[in-house]
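Summary of the model geometry
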Amino acid sequence: MSKKVYSDAKSALDGLLHDGMTILAGGFGLCGIPEHMILAIRDSGVKDLTIASNNAGVDDFGLGLLLQTRQVKKMISSYVGENKTFEAQFLAGELELEFNPQGTLAERCRAGGAGIPAFYTKTGVGTLIAEGKETKDFDGQTYLMERGLTGDLAIIKAWKGDTVGNVVFRKTARNFNAPMATAGKVCVIEVEELVEPGELDPDGIHLPSIYTHRIFQGQDFEKRIEFRTVSDG
Amino acid sequence: MAWTRDEMCARAALELEDGFYVNLGIGMPTKVANFIPDDMDVNFQSENGMLGMGPFPTDNEVDADLINAGKQTITETPKSVYFDSAQSFAMIRGGHINMSILGALQVAENGDLANWMIPGKMVKGMGGAMDLVAGVKRVVILMDHNAKDGTAKLLKECNLPLTGAAVVDDIITELGVFRIGDGGVHISELAPDVTVDEVRDRSEATIVTQ
């Protein structure tokens, strides 16, 4: 068995969690979230967390579970609209919130993972997001400097992975998982199906194994749907 | 007579062109997709990581791994492709998306847009809106001409926090189609029986008729 393979979320996170750490959590809404590791982090009791995640889950699922237990000190997100616990704690001044435009958050992770400490973007120029940030003109247009983002730990959900850590995501569950996986000092991935090396097409791998430090197969994914919208066909 | 919401969406659909890659905002802009002619090939981008977005699924097609940026379940089409969030916003910020149709709280006559926060109310976040307005080639706003309390939304200057500065190209409301241009908001088209005076009465922005 590869040294990267662990049996479950608890063992895969063993020794990696400490109070005050920064965690990058993949997912968009509830789609593609590392649900087993979120539960294990809750059960570990680690606190004062800074979590970068596009969203903050819902009250009783996803990152909302870590808000309920007050383990989160600060969120870095682009949209937190679906969570009443979040709203209550934020309005009471118990939770810090740093809004990042969604593309800025994604690019900060990509840059952080690629060793790029900062970059310039047009996004947010002339808005509240620009306050206190350096701007620079290129070719007659003003751009805003944003910093690359890294974390102590990236918690990532993928569809299939092999035991050396190559992984494939599925449909729109890829989202922030791929860039965040590259930006964690340690990256732990939970997959729906763990396979032997050679079983995944090397040309179709979304995240090369070099980014993966630990991997495990989760059991019984709930994969909750936030807004089930159907047509009559 | 002012346009209905369906007529506004149908009018917005006329702005699209064959072969366009388009990002539709949440709410009324999403409905523009229902008014695309069958023979027109338009590719919808969903900023959570998909091109070639399909309609809502039937009950047994529902897939938790397949949602749009509003977190609603959707379907794929033969043209669909999936990618990560950094790639998605590289498309948006790199100017590869032809058009975005978005809602608005306020638009100023210089093209400033406010559509993400109201001070004193809980702020949900800007999501991808700041990226879209900064990067997409053409930004079309689809909105009610006035707020629910009747106040003007087409203003000389926005008094709500901006989503982007000087980013709006066109505005479609129930009263007509408008373009941000020299000297203010230019009337491109009026809904049937709507007069220039009515537009001026219901706007604070400088309305230019030619």
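Structural notes, computed from the coordinates.

Reading the values: rules and limits
Residues numbered from 1 in each chain as written. Chains lettered and ligands numbered in written order. Predicted model: local features only at pLDDT ≥ 70, side-chain atom pairs only at ≥ 80, totals over all residues. Heavy atoms only, no water. Helix = DSSP H or I, 4+ residues; strand = E, 2+ residues; numbered from the N terminus. Rg over C-alpha atoms; globule rule 2.2 N^0.38 Å. Buried < 20%, exposed > 50% of the residue type's maximum accessible area, 1.4 Å probe, protein only. Contact = heavy atoms within 4.5 Å. Areas by Shrake-Rupley, 256 points an atom, 1.4 Å probe, with all protein chains shown as cover. Lys, Arg positive; Asp, Glu negative; His and termini not counted. Charge placed at Lys NZ, Arg CZ, Asp CG, Glu CD. Buried area = accessible area lost by both parts, 1.4 Å probe. Salt bridge = Lys/Arg side-chain N within 4 Å of Asp/Glu carboxyl O. Axes fitted to C-alpha atoms, helices over the stretch in contact; angles between N-to-C directions. Parallel < 35°, antiparallel > 145°, perpendicular 65-115°, else oblique. Left-handed = near helix turned anticlockwise from the far one by under 90°. Nonpolar A, V, L, I, M, F, W, Y, C, P; charged D, E, K, R; others polar. Polar contact = N/O pair within 3.5 Å; in protein donor to acceptor, adjacent residues only side chain to side chain. Patch = residues over 30% accessible without salt bridge, like charges linked within 9 Å, V, L, I, M, F, W, Y side chains within 5 Å. Phe/Tyr/Trp six-rings, centres within 6.5 Å; stacked < 30°, edge-to-face > 60°. Lys NZ or Arg CZ within 6 Å of the ring centre and 35° of its normal. Pairing = 2+ DSSP bridges. Right-handed = clockwise from strand over helix to strand, strands pointing away.

**Thoughts on the overall build of chain A**
Of the regular secondary structure elements, chain A holds six helices and 11 strands. Scaling as 2.2 N^0.38, a compact globule of 233 residues should have a C-alpha radius of gyration of about 17 Å, and chain A matches this with 18 Å. Burial status across chain A gives 55% buried among its 233 residues. Taking the intrachain contacts of chain A between residues at least 6 apart in sequence as the baseline, contacts between residues at least 24 apart amount to 72%. Only carbon and sulfur atoms are counted for the fraction: they give 47% of the accessible area of chain A, which is about 9,900 Å². On chain A, the mean spot of the 25 positive side-chain charges and the mean spot of the 32 negative ones are 2 Å from each other.

**Side note on the interface of chain A and chain B**
Taken together, the 52 residues of chain A in the interface contact 45 residues of chain B. Buried area between chain A and chain B, both sides added, is near 3,900 Å², and the carbon and sulfur share of it is 61%. Interface area lost by chain A to chain B is led by K171(A), T172(A) and T229(A), which between them contribute 16%. Inspection of the chain A/chain B interface yields five salt bridges. For D59(B), the salt bridge identified is with R228(A), shortest N-O distance 3.3 Å.

**Let's talk about the packing of helix α5 (residues 102–113) of chain A against helix α2 (residues 85–93) of chain B**
As a packed pair, α5(A) and α2(B) sit with axes 8 Å apart at the nearest point and diverge in direction by 125°. Overall, the two elements α5(A) and α2(B) adopt an arrangement that is oblique. Once α5(A) is placed against α2(B), the crossing between them reads as left-handed. Residue-level inspection shows Q102(A), G103(A), T104(A), A106(A), E107(A) and R110(A) of α5(A) in contact with α2(B), the latter providing S85(B), A86(B), F89(B) and R93(B). Residue composition of the contact of α5(A) with α2(B), grouped by class: three nonpolar, four polar and three charged.

**As for the environment of R200(B)**
Residues and elements named next belong to chain B. Take R200: it is sitting in helix α4 (residues 196–201). Linking R200 and L154, residues 46 residues apart in sequence, is a C-alpha distance of 9.8 Å. If near-sequence neighbours (up to four positions away) are discounted, R200 is found in contact with I207 and T209.

**Details of the side chain of T173(B)**
Residue and element names in this part refer to chain B. Mapping T173 onto the fold places it in strand β10 (residues 170–173). Its relative accessible area of 0% is what places T173 among the buried residues. At a separation of 2.9 Å, a polar atom in the side chain of T173 contacts the side chain of H145. One polar contact links the side chain of T173 to the main-chain amide nitrogen of L175, over a distance of 3.0 Å. If we ignore the near neighbours within four places in the chain, the residues touching T173 are W3, M8, M143, D144, H145 and F178.

**Remarks on unusual backbone geometry**
In this structure, R70(A) is a non-glycine residue whose phi angle is positive, near 60°. Relative to the elements of secondary structure, R70(A) occurs in the loop between α3 (64–68) and β3 (72–77). Within the chain, K71(B) stands out as a residue other than glycine whose phi angle is a positive 70°. Relative to the elements of secondary structure, K71(B) occurs in the loop between β3 (50–53) and β4 (76–82). Assessed through its relative accessible area of 3%, K71(B) is described here as buried.

**Quick look at a negative patch on the surface**
Side chains of E17(B), D18(B), D38(B) and D39(B) sit close together on the surface and give a patch of like negative charge. Position of E17(B) among the secondary structure elements: in the loop between α1 (5–13) and β1 (21–24).

**Side note on the packing of aromatic side chains**
All told, the structure shown has four aromatic pairs over all chains when counted by the stated rule. Both rings, one in F99(A) and one in W116(B), keep their centres 6.0 Å apart while their planes meet at 90°; by these two values the pair is edge-to-face. Residue F99(A) is located in strand β4 (residues 96–99), and its partner W116(B) is located in the loop between β7 (113–114) and α3 (129–135); the two belong to separate chains. Side by side, F99(A) and W116(B) carry an identical accessibility label, which is buried. In textbook terms, an aromatic cluster arises when at least three aromatic residues are bridged by ring pairs, as seen for Y120(A), F138(A) and Y143(A). Sitting over the ring of F221(A), K157(A) keeps its end group 5.1 Å from the ring centre. Lying across the ring of W159(A), K160(A) places its NZ or CZ 4.6 Å from the centre.

**A few points about the sheet that holds strand β8 (residues 138–142) of chain B**
All names here are of chain B. Read from one edge of the open sheet, 10 strands run β4-β3-β2-β1-β5-β8-β10-β11-β12-β13, paired in mixed fashion. Two strands close off the open sheet at either side, each with one partner strand: β4 and β13 (207–208). Relative to strand β12 (residues 184–190), strand β11 (residues 176–181) runs antiparallel, the two being bridged by six bridges. Looking at β12, one finds that F178 is bridged to I187. Its contacts with the sheet put α1 on β5 (99–102), β8, β10, β11 and β12, and the angle it makes with β10 is roughly 155°. Contacting β1, β2 (43–46) and β3, α2 runs over the sheet at an angle of about 125° to β2.

**Topic: the pairing of β4(A)**
Residues and elements named next belong to chain A. Judged by which residues are buried, β4 turns out to be one-sided: L97 and F99 face inward and are buried, whereas E96 and E98, on the alternate face, are not. Bridge count between β3 and β4: four bridges; the pairing is parallel. In the sheet register, S77 faces β4, and the bridge partner there is F99. In this view, the connection linking β3 to its parallel neighbour β4 by way of helix α4 (residues 84–91) has right-handed handedness.

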